[in-house]
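# Commentary on secondary and tertiary structure
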Amino acid sequence: MMRWLLARLGRAVAAAWLIASLVFISSRLLGGGPEQLALGDSSDLSRPAAGARSAATRQAAQQVVRHRLGLDMPVFYVTREAGPPVRWQWHGAANQYHRWVMALLHGNLGYSYRDGQAVGAMLWQAVAFSLPLAGSAAVVAVGLALGLGLYLAQAPGGRLRRLLLGLLAGWQVMPLFLLALSLLLLFANPDFLNILPGSGQPPANASGPTLAGYWLARSVLPLLSLVLAVLPELTLPLVAMLRHEVRAGYATTARAKGLTAAQVLRRHALPNALLPLLTTLADLLPTLVAGTVVVEVLFGLPGSGRLLAEAAAAHDYPVVVAAVLLSAAARLLGLVLTDILYFLADPRLRPSA
Amino acid sequence: MRYFRPFFGRQPLGGLALAWLLLVSAVGVVAPWLPLPYSAATPDLLQVSAPPSWSPIGPAHYLGTDPLGRDVLAGLVAGAQRLLLLSLPAVLLATAAGAVAGGAAGYWGNQRLRLPLAAATGALGIAWWALALPGHAIASILLIATALLAIAATWPPLAPALRNYAFALPLDALVLGATTLLGAVPRLVLLVALAAGPPLTQLQLLALLAVLAWPGTARLVRGQMLQVRVQPFIEAARASGLPMSRIWWRHALPHACRPLLAYTPLSLAGLISLESALAFIGIGQGPEVVSWGSLLATVRQDPAAWWVAAAPGLALLCTLLALQKLAKSVAKSPDF
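Keep in mind that this is a model prediction, so the values were computed, not measured.

### Concerning the overall build of chain A
- When you go through chain A residue by residue, the secondary structure sums to 13 helices and 2 strands.
- Considering chain A as a whole, with its 353 residues, one finds that 41% of them fall into the buried category.
- In chain A, 67% of the contacts between residues at least 6 apart in sequence involve partners at least 24 apart.

And the structure:
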């Protein structure tokens, strides 16, 4: 059992490593940015009279920037030089990929192209905001799904139940950005209901508790969008499983010995219905990580999702690669948590058994 | 039509969904010839965030303009065209690739596809030549010549002696590894990271979307193929002496692909919302590209302009709901 788990984790780590390497190499091969970025785009708008001279100086300046960022080195251990005759060259350890890997193993994620900040510190700051958001969204969504699932499973088969189930099924295809945008336009709109702060700057003279309260109010709508977005995919399978379990023989026995319908559902059917749902839980964390990208961009929150989106828009590759690594880590965490939950839920899977 | 009747005969909603999808595709097809007063990408700077107007004097913005001055109606049409030219081909490509990869992985597994060593030698020779590795002139000619000799040696009198020189291609491990690799990061994060470079052309974006969408199809078809492979009719086909590749293509694959009828609309819906989310965040595309997602993004600059969000938002939502309804109708139909 442990060996199977380790093999699974090992495969996941290898996949994360490979995908980050792919993103790293493709970003370096695509080029198109860091040196222009570091020089500022204003050089494109320079006076046409100075064009001839500035072309040479610009090239020299770009060369300096490329050298400083280490971009003048070959990308990979082996490179292929195009053009006849095609030549393959071995560069040994003096290449960008090797240096990136070595720095990563020392815990150094590199430096941003935009302002030279350490990516690790930037990411840490952003995660400190996104992790509570995604984590509380996960907890609230799971709790709501449990409550809603239990209610829908024992509710009489009337019109309300059908309506709720149909609504949830339709809700499932609603893209998160559309959901969050409607919430923003409904509840944080100066021309409609202006209940909650949607975006903008915190009040200037706010101190500790006020500031915390402000950010809490700011997080209500993003949290609500994340929860509502993942609710159907958690609830619908749970309802189906519960209704399946209630018809099983052991549930009939439990009812025959005099338990109420609610007791049968909660004590007997729920543990069995939860087991297949744990697989869905493993996907919950990555889904929420992808969701934070949309939600934080829309609501202007300083989290890791917005960091990724802004870095991608500005061709800031070190930050992009680090964010990819981070979301791969979130998936790993989801896998580990699910396996632990499996062990807790099903005694047959425990290593000692 | 006879094909659709069992699907929609008793389901008015299903018919409605199909009608909406047909409308969207028809608009997408005739978009270049529609007599619209404004084009989608050119802003009308005199009328920024103008509400919908039906004034009879001069060309009106029937659905209003967005905060950049672009006509919303023209944007809707351009979005429908983009759906037809980008998302649909990407899904078809991904479905075809996923069906072939998943079907092959499920049918042959890790052990059953045994290729003669000559094939490996030949492939090595061709790869050596194509990559122009050092010494490719001599090495690849030698390798290909060996391969040709070995193939010639499968001439029946010699074949039994050479039959043992074969290797198994681990198709299943390769396909599953690729799906694991692409599943290591959420699709939106991977899409944003890969679109971080210079603006993508439409063809590059299409390829990227197809790459992100094929693993789901491949996993589904692989699972189905594992069940189809052990059915008696496959055994009968094998017993009647058909070659493996023919059994796979003509008998096993059509059966393994049946669930795709219901899965592909859902896959398309997922891809449309993925593409719209990318456009909404505004990464990887030039500013002149108009889609429903990019139109929706502009409403943030002027929250009072509800018409900018309402039209593309409703169109997007209706399309996604219609695709879901279509998938459900197909799955429920008695023929399926």
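### Section: the interface of chain A and chain B
- On the chain B side, the residues contacting the 43 residues of chain A number 40 residues.
- Taken together, the two surfaces of chain A and chain B that pack against each other cover about 3400 Å², and 81% of this comes from carbon and sulfur.
- Among the residues of chain A in contact with chain B, Trp88, Val173 and Phe177 of chain A are the three that bury the most area, contributing 18% of the side total.
- Remark: the boundary between chain A and chain B carries 0 salt bridges.
- Taken together, the links from chain A to chain B amount to 4 residue pairs in polar contact (both at pLDDT 80 or more).
- Elements represented by at least two residues in the side of chain A that touches chain B include exactly helix H1 (2-30), helix H6 (159-171), helix H7 (176-187), helix H11 (278-299), helix H12 (304-313) and helix H13 (317-345) of chain A.
- The greatest single-element share of the side of chain A that touches chain B, amounting to 8 residues, is contributed by H1 of chain A.

### Here's the deal with the nonpolar core
- Among the nonpolar cores identified, the biggest contains 129 residues, and Leu188 and Ile281 of chain B are the most heavily contacted of them.
- Once you skip the residues sitting within four places of it in the chain, Leu188 of chain B turns out to touch Ala290, Val293 and Val294 of chain A together with Leu274, Ala277 and Ile281 of chain B.
- In terms of nonpolar packing, the next biggest core, distinct from the first, is built from 17 residues, Val228, Ile234, Ala237 and Ile247 of chain B among them.

### Some points on the side chain of Arg222 of chain B
- By secondary structure assignment, the location of Arg222 of chain B is in helix H9 (residues 202-228).
- Excluding residues that lie within four positions of it along the chain, Arg222 of chain B makes contacts with Gly102, Ala105, Gly106, Asp172 and Leu176 of chain B.

### Quick notes on the packing of helix H2 (residues 12-30) of chain B against helix H3 (residues 72-108) of chain B
All names here are of chain B.
- In the contact formed by H2 and H3, the axes pass within 8 Å of each other and the chain directions differ by 95°. The angle between H2 and H3 places the two elements in the roughly perpendicular class. Note on element contacts: H3 touches H2 through Val77, Ala80, Gln81, Leu83 and Leu84, opposite Val24, Ser25, Val27, Gly28 and Val29.
- Residues belonging to the contact of H2 with H3 are distributed by class as follows: 7 nonpolar, 3 polar and no charged.

### A word on the packing of H12 of chain A against H13 of chain A
All names here are of chain A.
- Following both chains from N to C, one finds H12 and H13 inclined at 145°, their axes separated by 9 Å at the closest point. As for how H12 packs across H13, the hand of that crossing is left-handed. Counting all contacts with H12, which are made through Ser304, Leu307, Leu308, Ala311 and Ala312, the residues of H13 involved are Val319, Val320, Ala323 and Leu326.
- Within the contact of H12 with H13, the residues separate by chemical class into 8 nonpolar, 1 polar and no charged.

### Some remarks on the environment of Ala196 of chain B
- Within the secondary structure layout, Ala196 of chain B lies in the loop between helix H8 (187-194) and H9.
- For Ala196 of chain B, a relative accessible area of 0% gives the class buried.
- Taking the C-alpha atoms as reference points, Ala196 of chain B and Gly284 of chain B, 88 residues apart in sequence, are found 6.1 Å from one another.
- Sequence-distant contacts of Ala196 of chain B, defined by excluding residues within four places in its chain, comprise Ala312, His315, Tyr317 and Val320 of chain A.

### Quick notes on helix H4 (residues 96-105) of chain A
All names here are of chain A.
- What H4 keeps buried is the set Gln96, Tyr97, His98, Trp100, Val101 and Leu104.
- Contacts made by the buried residues of H4 are with H1 and H13.
- At the N-terminal end of H4, a side-chain oxygen is found 3.1 Å from the backbone nitrogen of Tyr97, two or three residues along, and the residue is Asn95.
- One or two steps after H4, the chain reaches Gly107, where phi turns positive at roughly 80°.

### Some points on the packing of aromatic side chains
- For the structure shown, the criterion picks out 14 aromatic pairs over all chains.
- Ring centres of Phe76 of chain A and Tyr97 of chain A lie 5.2 Å apart, and the angle between their planes is 55°; on these two criteria the pair is classed as tilted. Pair noted here: Phe76 of chain A is in the loop between helix H3 (51-69) and strand S1 (78-81) and Tyr97 of chain A is in helix H4, with a separation of 21 residues, a long-range link.
- Judged by relative accessible area, which is 10%, Tyr97 of chain A ranks as buried.
- Among the aromatic residues, those joined into a ring-pair cluster are Trp17, Phe24, Phe76, Tyr77, Trp90, Tyr97 and Trp100 of chain A.
- Over the ring of Phe280 of chain B we find Arg300 of chain B, and its NZ or CZ is 5.2 Å from the ring centre.

### Here's the deal with the confidence of the model for chain B
Residue and element names in this part refer to chain B.
- For chain B, mean pLDDT is 84; residues scoring 70 or higher make up 90% of the total.
- At the level of individual helices and strands, chain B shows its lowest average pLDDT in helix H1 (residues 5-8), which scores 54, and its highest in H3, which scores 93.
- Predicted complex metrics record ipTM = 0.85 and pTM = 0.86.

Parameters at a glance
- Residues numbered from 1 in each chain as written.
- Chains lettered and ligands numbered in written order.
- Predicted model: local features only at pLDDT ≥ 70, side-chain atom pairs only at ≥ 80, totals over all residues.
- Heavy atoms only, no water.
- Helix = DSSP H or I, 4+ residues; strand = E, 2+ residues; numbered from the N terminus.
- Buried < 20%, exposed > 50% of the residue type's maximum accessible area, 1.4 Å probe, protein only.
- Contact = heavy atoms within 4.5 Å.
- Buried area = accessible area lost by both parts, 1.4 Å probe.
- Salt bridge = Lys/Arg side-chain N within 4 Å of Asp/Glu carboxyl O.
- Polar contact = N/O pair within 3.5 Å; in protein donor to acceptor, adjacent residues only side chain to side chain.
- Core = buried A, V, L, I, M, F, W, Y, C linked by side-chain atoms within 4.5 Å.
- Axes fitted to C-alpha atoms, helices over the stretch in contact; angles between N-to-C directions.
- Parallel < 35°, antiparallel > 145°, perpendicular 65-115°, else oblique.
- Nonpolar A, V, L, I, M, F, W, Y, C, P; charged D, E, K, R; others polar.
- Left-handed = near helix turned anticlockwise from the far one by under 90°.
- Phe/Tyr/Trp six-rings, centres within 6.5 Å; stacked < 30°, edge-to-face > 60°.
- Lys NZ or Arg CZ within 6 Å of the ring centre and 35° of its normal.
- pLDDT = per-residue confidence, 0-100.

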